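Here is how the chains run, residue by residue.
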Amino acid sequence: MLTRREALIGAAWAAAAAAAIPATPVMAEVKADVGALPRQKVSLVAPPFVHDHEQVATGGPKIVEFTMKIEEKPVVIDDEGTALRGMTFNGSIPGPMMVVHEGDYLELTLVNPETNEMPHNIDFHAATGALGGGALTHINPGEQVTLRFKATRSGTFVYHCAPEGMIPWHVVSGMSGTVMVLPRGGLKNDKGEPVRYDRIYYVGENEFYIPRDEAGNFKTYESLGESYDDTLAVMRGLVPTHVVFNGKVGALTGENAMKAKVGETVLIVHSQANRDTRPHLIGGHGDYVWEEGKFANPPAKDLETWFVRGGSAAAALYTFLQPGVYAYVNHNLIEAAELGATAHFTVEGEWNDDLMTQVDAPRPIATN
Amino acid sequence: MKPTTTKLAGVALVALAIPTALIGLSQGMQLPADPRVRMAETVRIEPGSFTHMQPGEFLQDSRPAAAPRVPVRIRRPLEIMKYQVRLDDYARCVAAGACKPADAREAGEVPVTGVSYRDALAYAKWYSEATGEDWRLPTDEEWAFAAGSRFRGDIEPLEVDTANPARGWLSSYRREVDLARKPDPQPKPAGSFGVNEKGVADLAGNIWEWTSSCYMRVTLGPDGKAIESAIENCGVRVVQGFHRTYMSNFIRDGKSGGCAVGLPPDNLGFRLVRDNSLGMRMARWFRGGWIAS
Ligand SMILES: [Cu+2]
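Predicted, not measured: the structure shown is a model, and the values here were computed from it.

S.K.: Please clarify how the overall build of chain A should be interpreted in this entry.
M.R.: The secondary structure content of chain A amounts to 4 helices and 21 strands. For 368 residues, the compact-globule formula gives about 21 Å, and the C-alpha radius of gyration of chain A, at 22 Å, lands near that figure. Along the three orthogonal principal directions, the C-alpha set of chain A runs to about 85 × 60 × 30 Å. With 368 residues in all, chain A has 53% of them scored as buried. Considering only intrachain contacts with a sequence separation of at least 6, the fraction spanning at least 24 residues in chain A is 76%. Of the roughly 16200 Å² of accessible surface on chain A, 53% is carried by carbon and sulfur atoms. Of the charged side chains in chain A, 29 are positive and 45 negative, and the gap between their average positions amounts to 5 Å.

S.K.: I'm lost on the coordination of the copper ion in this one. Help?
M.R.: All names here are of chain A. For the copper ion, every protein donor is listed as H120 (ND1), C161 (SG), H170 (ND1) and M175 (SD), and the spread of their distances is 2.0 to 2.5 Å. With 4 donor atoms in place around the copper ion and angles of 86 to 129 degrees between them, the coordination shape is tetrahedral. When the donors of the copper ion are listed by position in the chain, the intervening gaps give H-x40-C-x8-H-x4-M. Linking H120 in the loop between β5 (105–112) and β6 (123–124) with C161 in the loop between β8 (155–160) and α2 (167–172), this pair joins segments that are 41 residues apart in sequence.

S.K.: Even after reading the chapter, I still don't get unusual backbone geometry, so can you show me in this structure?
M.R.: Peptide bonds are trans in most cases, and residues, glycine excluded, mostly fall at negative phi. In this structure, the amide linkage connecting P47 of chain A to the following residue, P48 of chain A, adopts the cis form with an omega of 15 degrees. The residue P48 of chain A is located in the loop between β1 (39–41) and β2 (63–76) in this model. Cis geometry is adopted by the peptide bond preceding P94 of chain A, which originates at I93 of chain A and carries an omega value of -5 degrees. Here P94 of chain A lies in the loop between β3 (83–89) and β4 (98–101). The backbone phi angle of A180 of chain B is positive, close to 50 degrees, even though this residue is not glycine. With respect to the secondary-structure elements, A180 of chain B resides in the loop between α4 (165–179) and β9 (208–220).

What counts, and at which threshold
Residues numbered from 1 in each chain as written. Chains lettered and ligands numbered in written order. Predicted model: local features only at pLDDT ≥ 70, side-chain atom pairs only at ≥ 80, totals over all residues. Heavy atoms only, no water. Helix = DSSP H or I, 4+ residues; strand = E, 2+ residues; numbered from the N terminus. Rg over C-alpha atoms; globule rule 2.2 N^0.38 Å. Buried < 20%, exposed > 50% of the residue type's maximum accessible area, 1.4 Å probe, protein only. Contact = heavy atoms within 4.5 Å. Areas by Shrake-Rupley, 256 points an atom, 1.4 Å probe, with all protein chains shown as cover. Lys, Arg positive; Asp, Glu negative; His and termini not counted. Charge placed at Lys NZ, Arg CZ, Asp CG, Glu CD. Donors = N, O, S within 2.8 Å, 3.2 Å for Na, K, Ca; no water. Tetrahedral: all angles 85-135°; square planar, octahedral: opposite > 155°, others 65-115°.

Remember that the coordinates give geometry; whether it matters functionally is a separate question.
As structure tokens, then:
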């Protein structure tokens, strides 16, 4: 009789075998001159930060190399100490952002340490063919794989794990992230004029489905395999127990609040690999918003709330005009306030009385 | 300008609560206590004076102002529960049909949590009837007096800039961050947070306590002390603990409202004071006389 772990690995092997057939022709199509391109090795940083990158590309296309280690581990997702049996790209939820320019090649080495329980892979929405690379990247614990794809379209794109038979479970356990492919000439506004950002923040939104015991308390499990049946039952109800930014309720508040100054332009990339969401900056706007995240389309202007389709990432550019503490929320406010989808920006600078002023402070109602 | 006080929010039941069903009770006669009721351990604090940071929100010249610090005198000995009301004590009130079940996080000998101001009032009423004594929530001043060195008050902004309100918001936010208080939601057994210099236990731990004081918004005169006008909203009560905050009287979980910027209480609970005031003694005598006649 198979243990759960063996059964799950078995399912993945079957998928890997099926994928092996188209694999050979794909490999054969790689052009010989790619090998001659310059290479750049990039160290990833954990969200909400993004590794250093050029906004306007200098020089021609190159191969940008990244390495990510898959970490399966319990992850505390709220102040109550609720633990998710997490599966992560590089240890963070969401996985780190990878930035390249259009025409570059993104080359990822994915490592699945032997201490892990599950097989994993990666499906890049930015890539073309082989299930976004999913069919070429199945790796069991103790294996690694390297995939290269050409970034042919600019924009912000989700990536996620997609192992046959258990895709949604891996995704809602934390395995998603974002690739940003910048136009070689950088971002342009609706009139085609160049725009730049002083800071970039990457807000990954995840929803979790944590099983409860008879008393209504969140359950913990000894292993991923043991958590599977109960978690799947909650997932099928489609009602998440947590909706969070950066992997945890309050992960982007307090000492981890995002920072900016009046006059600075911030690019906020918001990804959700599984479910629709609607970011909103309370007291601010989106000056230029690529709602679908694709930079070949002109950005929408002056948005109050933008819609992020499940399985996509949006980019919003905003220049802060007023100092203060801003809440950045999923504007389903129940999800924001009760389930966790709230972040904060602290913005320093001078107050603009012309934009807003309290004409008359609260006082007893005037009687004449 | 003459001080004006306006009462808002008829929702809130003011805590004068003359117990209604004290059949057979008369002045000087000790009611045999309900054997199921555990007599709370209390601490008696002798009268005294202290300087108190006033509760509420203060405006001066249409701008947020620091809360005035005013001398306060507690004129009678204060008899306050040494510990917060325990979950098993509260369960007796629930069993008697006088209290709604709490949204408590755990069972056992921990303080009751997940209770609103209204729940605390219901408990005080039941406990008074069961013991034949007058128990009520402390006022904000009484709590602060009992808390002594454990009283922190509101987390006020470090900077007030009349031209830039954001400085106040940012500096309060920074102050809360600098306090570096991590959420601590699990209730702990009575006594876990130790006693203060007055012998009162578990003040300013991970349970915030309801008081009977109402939220006030006060406009101060030019001296920053005299009250020009004040609005009292008794639908919102003063809550005391690690810091002082204000909650609507039906809230049981101070953490809901994650949008709001601010330090949320880990838990809401309460402790009571035994009321030995002249008014209460007279009321007791009066009730006795009234029932006897
Ligand atoms: Cu996976």
